[in-house]
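Observations on the three-dimensional arrangement
Below are the chains, spelled out letter by letter.
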Amino acid sequence: MEPTRTVKELRDELERKGMSIADLAREHGLRLPVVYDLLNGKRYGTRGECHRAAVILGLKEGELPAVRQQENAI
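So, a few notes on the structure that sits alongside this text. On a predicted model such as this, the values are computed, not experimentally measured, just so you know.

**Digging into the overall build of the chain**
Scanning the chain for helices and strands turns up 4 helices and 0 strands. Moving toward the C terminus, one meets the helices and strands of the chain in the order α-α-α-α. By residue count, 28% of the 74 residues in the chain fall in the buried class. If you take every contact in the chain between residues at least 6 apart in sequence, the share linking residues at least 24 apart comes to 36%.

**Concerning the nonpolar core**
Within the largest apolar cluster, 15 residues are counted, with the highest numbers of intra-cluster contacts made by Leu10, Leu30, Val35, Leu38, Leu39, Leu57 and Leu59. Contributions of two or more residues to this core are made by helix H1 (7–17), helix H2 (21–28), helix H3 (32–39) and helix H4 (48–56). The element best represented in this core is H3, accounting for 4 residues.

**Observations concerning the environment of Val7**
Relative to the assigned elements, Val7 resides in helix H1. Between the C-alpha atom of Val7 and that of Gly58, which follows or precedes it by 51 residues, the distance is 9.3 Å.

**Section: H1**
Every α-helix carries 3.6 residues per turn, so stepping three or four residues along brings you back to the same face. Within H1 the residues assigned to the buried category are Leu10, Glu13 and Leu14. For H1, the arc enclosing every buried residue in end-on projection is 100°, short of the 170-degree limit, so these residues lie on one face. H1 presents Lys8, Glu15 and Arg16 as exposed residues on the side facing more than 90 degrees away from its buried surface. Buried residues along H1 sit against H2 and H3. The positive-phi residue at the C-terminal boundary of H1 is Gly18, with phi of around 70°.

The rules behind the values
Residues numbered from 1 in each chain as written. Predicted model: local features only at pLDDT ≥ 70, side-chain atom pairs only at ≥ 80, totals over all residues. Heavy atoms only, no water. Helix = DSSP H or I, 4+ residues; strand = E, 2+ residues; numbered from the N terminus. Buried < 20%, exposed > 50% of the residue type's maximum accessible area, 1.4 Å probe, protein only. Contact = heavy atoms within 4.5 Å. Core = buried A, V, L, I, M, F, W, Y, C linked by side-chain atoms within 4.5 Å. Arc of directions from axis to C-beta.

Structure follows, in structure tokens:
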């Protein structure tokens, strides 16, 4: 498991790669307001979509719940 990183480390990495926060959100299939709230300390990644985003971005350790598939998917 990768060690967690700080918000500053994540922002520095984005700068090194020439990526925006919107690019990061799109790359990982995350909603932009959730990512901004995590990076600005307005949300903590405790549960739900915020937890998923924090784990994907490496801001916290945790497990990602299995994604439920639609029962009637074609």
